[in-house]
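So you can see what is in the structure, the chains are spelled out below.
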Amino acid sequence: MPTPITVIGAGLAGSECAFQLARLGHEVVLREQKPQKRSPAHHSNAFAELVCSNSLRSDNPESAIGMLHAELRRVGSVVLEAADANRVPAGDALAVEREGFSAHITRALSGGGRVSIVPGEVTEVPEGDVVFATGPLTSEALTTALARFTGEKLYFYDAIAPIVAGDSIDRAIAFRASRWGKGDGDDYLNLPLSKDEYLRFVNELRSGQKVTPHAFEEPKYFEGCLPIEVMAERGEQVLAFGPMKPVGLTDPRTGRWPHAVVQLRMEDRAGTAWNLVGFQTRLTWPEQKRIFGMLPGLANAEWLRMGQIHRNTFLDSPRLLSRELSLLAEPRLFFAGQITGVEGYVESTACGYLTALAVHARRTGAPFAPPPATTALGALYRHVTGEAHPPGAPYQPTNVVFALFPPVPGRLNKGQKRQAYAARSRVDFDAWAVSAPHPVRPAVEPPTAAAHAVAG
Ligand SMILES: Cc1cc2nc3c(=O)[nH]c(=O)nc-3n(C[C@H](O)[C@H](O)[C@H](O)COP(=O)(O)OP(=O)(O)OC[C@H]3O[C@@H](n4cnc5c(N)ncnc54)[C@H](O)[C@@H]3O)c2cc1C
């Protein structure tokens, strides 16, 4: 009897990976630290917990993420099955009722089949074939144990912007407009600041109390996603030329651009929640309430979520992993999900599926043949293996985007390009499906929330 495959982490990637491995005939031990231990972002005891938004993003089959949805449906993804079964209306987005979604996946894995569930934190690297699907918040003990195999630290920091209740924003001060009238022309709420207000705000940001990282954690940020106070520390006018730049935003009351602007973007279609664009921060929560409450229009703000910094644990996959998604230095150790440097619920799920194919190939001696680079699954694989990036560029996590695909030839406008990517991927996916190690469903139109409500 071959030894079971250990999958660590029953999040999006680990759940999908364990489900697919069992379906391919393998015995799996799924080890999950919940309920004994939870990361700061996890709250429920269920598997495949959605830690933040309940949206799996656009289901439009001509978007990169919509293509990924379609392909995952075709390969029998349990995560997409759960999403479709628990869909709630959200325009063209695939949004889900989160408890039902996680319960569906937990049930699918807890049925007493080939998956044995072992609760409790894993603190050392287990024997045998192991899939690490422990996500961006991999527990510290395991991160340390893993570093002994990779020879380097495995984390950096992501920063999250605060969200404010729409009805607590002073509309006598905030004005609706998009920069240069783009989009619908009034997609954003804008808080105008005079020069004095701006300088006072910058000073408060600089002197405000920040959350201190643990001694062993040395913050490393993406340049494109710096905490607002870090930008303020770089120079008095850095914010006015960055996330608070006023150009193209005319205040209707003055007919002029203000000195600086805070832009708020809708979090939901009804406009009940608004995100402070570019205001990711590591200020303490009381300091955020005090300092952001000084902004014009936010004196009575009701905060729905405060800004946060969260650790994002990921490998420099192109350098450390083989094409079979296992460590070059220790080939029995495979990786799945956000820890490989994909970003997002669906991308993590997709990576869980790809890693299951890789482990299956290793176990059966068959060649590992992921879907081709022109498909959404193949494009993500291309990202993790480093083929989608210019040589020498630092490896950074990403969602699935068309930039990861080989370009479509010809001079096409944006809409034509999307159609071309989608059409090419369908043809190539069909060709790959013939040799897939499991049955692949024919392409279908995604179910709509309305259709689901009628059926349900
Ligand atoms: C705060 C935050 C907000 C996010 N918001 C979004 C969002 O809105 N939309 C989006 O698309 N993506 C979001 N992401 C990004 C990311 O795609 C999700 O975190 C996604 O859940 C990653 O999937 P995963 O399976 O790789 O990891 P996870 O879903 O986090 O699953 C990892 C699992 O491993 C377990 N685990 C960790 N360490 C151990 C251990 N030592 N032993 C046993 N079990 C362990 C955890 O308990 C968890 O269940 C967010 C991430 C964070 C941190």
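Just so it is clear, the structure is predicted and the values come from calculations on it, not from any experiment.

### So, the site of the ligand
What surrounds the ligand is a group of 35 residues, the closest being Gly9, Gly11, Cys52, Gly135 and Gly337. If you list the elements that add at least two residues to the shell around the ligand, you get helix 1 (12–23), strand 2 (28–32) and helix 10 (345–364). At three residues, helix 1 tops the list of elements feeding residues into the shell around the ligand. Tallied by class, residues from the shell around the ligand come to 14 nonpolar, 16 polar and five charged.

### Considerations on the sheet that holds strand 10 (residues 175–176)
Reading across from one edge, 10-11-12-13-9-14 is the order of the six strands in this open sheet, with antiparallel pairing throughout. Every other strand in the sheet has two partners, leaving strand 10 and strand 14 (303–305) as the edge strands with one partner each. Across six bridges, the pairing between strand 11 (residues 188–193) and strand 12 (residues 260–266) is antiparallel. Paired with Pro192 across the strands is Val261, a residue of strand 12.

### Observations concerning the environment of Pro296
With respect to the helices and strands, Pro296 occurs in the loop between helix 8 (285–292) and strand 14. When neighbours within four sequence positions are excluded, Pro296 is seen to be in contact with Ile173, Leu191, Pro192, Leu193 and Glu197.

### Description of the sheet that holds strand 5 (residues 93–96)
Read from one edge to the other, the open sheet built from three strands follows the order 3-5-4, with strand pairing classed as antiparallel. Across the chains shown, the open sheet's two edge strands, defined by having one partner strand only, are strand 3 (55–58) and strand 4 (87–88). As paired elements, strand 3 and strand 5 share two bridges and run antiparallel to each other. Bridging across to strand 5, Ser55 finds its partner in Ala95.

### Things to note about helix 3 (residues 78–85)
Burial analysis of helix 3 places six of its eight residues in the buried class, which makes it a mostly covered element. For helix 3, the full list of buried residues reads Val78, Val79, Leu80, Ala82, Ala83 and Asp84.

### Here we look at the packing of helix 3 against helix 4 (residues 98–109)
The interhelical angle for the contact between helix 3 and helix 4, taken along N-to-C directions, is 140°, at an axis separation of 8 Å. Between helix 3 and helix 4, the crossing angle belongs to the class labelled oblique. Helix-helix and strand crossings are classified by hand; for helix 3 and helix 4 the assignment is right-handed. Touching Val78, Val79, Ala82, Ala83 and Ala85 of helix 3 are Phe101, His104, Ile105 and Ala108, all from helix 4. Class assignment of the residues belonging to the contact of helix 3 with helix 4 gives a composition of eight nonpolar, one polar and no charged.

### Looking at the pairing of strand 5
With burial as the criterion, each face of strand 5 is covered, one bearing Ala93 and Ala95 and the other bearing Leu94 and Val96. What sits between the antiparallel neighbours strand 4 and strand 5 is a turn of four residues, in which Gly91 has the positive phi angle 60°.

### Points about the environment of Asp170
Its place among the elements puts Asp170 in the loop between strand 9 (163–165) and strand 10. Accessibility expressed as a C-beta count within 10 Å gives 13 for Asp170, which makes it partly exposed. When the C-alpha positions of Asp170 and Pro296 are compared, they lie 8.2 Å apart, and in sequence the two are 126 residues distant. Sequence-distant contacts of Asp170, defined by excluding residues within four places in its chain, comprise Gly297, Ala299 and Asn300.

### A few points about the confidence of the model for the protein
On average, residues of the protein carry a pLDDT of 90, and 92% of them reach 70 or more. Across residues 449–456, where pLDDT falls below 50, the model places eight contacts with residues more than four positions away in sequence or in other chains.

### Re the nonpolar core
The biggest cluster of nonpolar side chains holds 77 residues, and the ones touching the most others in it are Ala18, Leu68, Val131 and Leu380. Looking at which element gives the most residues to this core, the answer is helix 10, with 10 residues.

### So, the environment of Arg98
Counting through the fold element by element, Arg98 comes out in helix 4. Measuring from C-alpha to C-alpha, the distance between Arg98 and Arg31 comes to 22 Å, with 67 residues separating the pair along the chain. Beyond its immediate chain neighbours, meaning those up to four positions away, Arg98 contacts Leu50 and Asn54.

Rules used throughout
- Residues numbered from 1 in each chain as written.
- Predicted model: local features only at pLDDT ≥ 70, side-chain atom pairs only at ≥ 80, totals over all residues.
- Near = placed C-beta within 6 Å.
- Helix = DSSP H or I, 4+ residues; strand = E, 2+ residues; numbered from the N terminus.
- Nonpolar A, V, L, I, M, F, W, Y, C, P; charged D, E, K, R; others polar.
- Pairing = 2+ DSSP bridges.
- Contact = placed C-beta atoms within 7 Å.
- Buried ≥ 20, exposed ≤ 12 C-beta atoms within 10 Å, placed from the backbone.
- Axes fitted to C-alpha atoms, helices over the stretch in contact; angles between N-to-C directions.
- Parallel < 35°, antiparallel > 145°, perpendicular 65-115°, else oblique.
- Left-handed = near helix turned anticlockwise from the far one by under 90°.
- pLDDT = per-residue confidence, 0-100.
- Core = buried A, V, L, I, M, F, W, Y, C linked by C-beta atoms within 7 Å.

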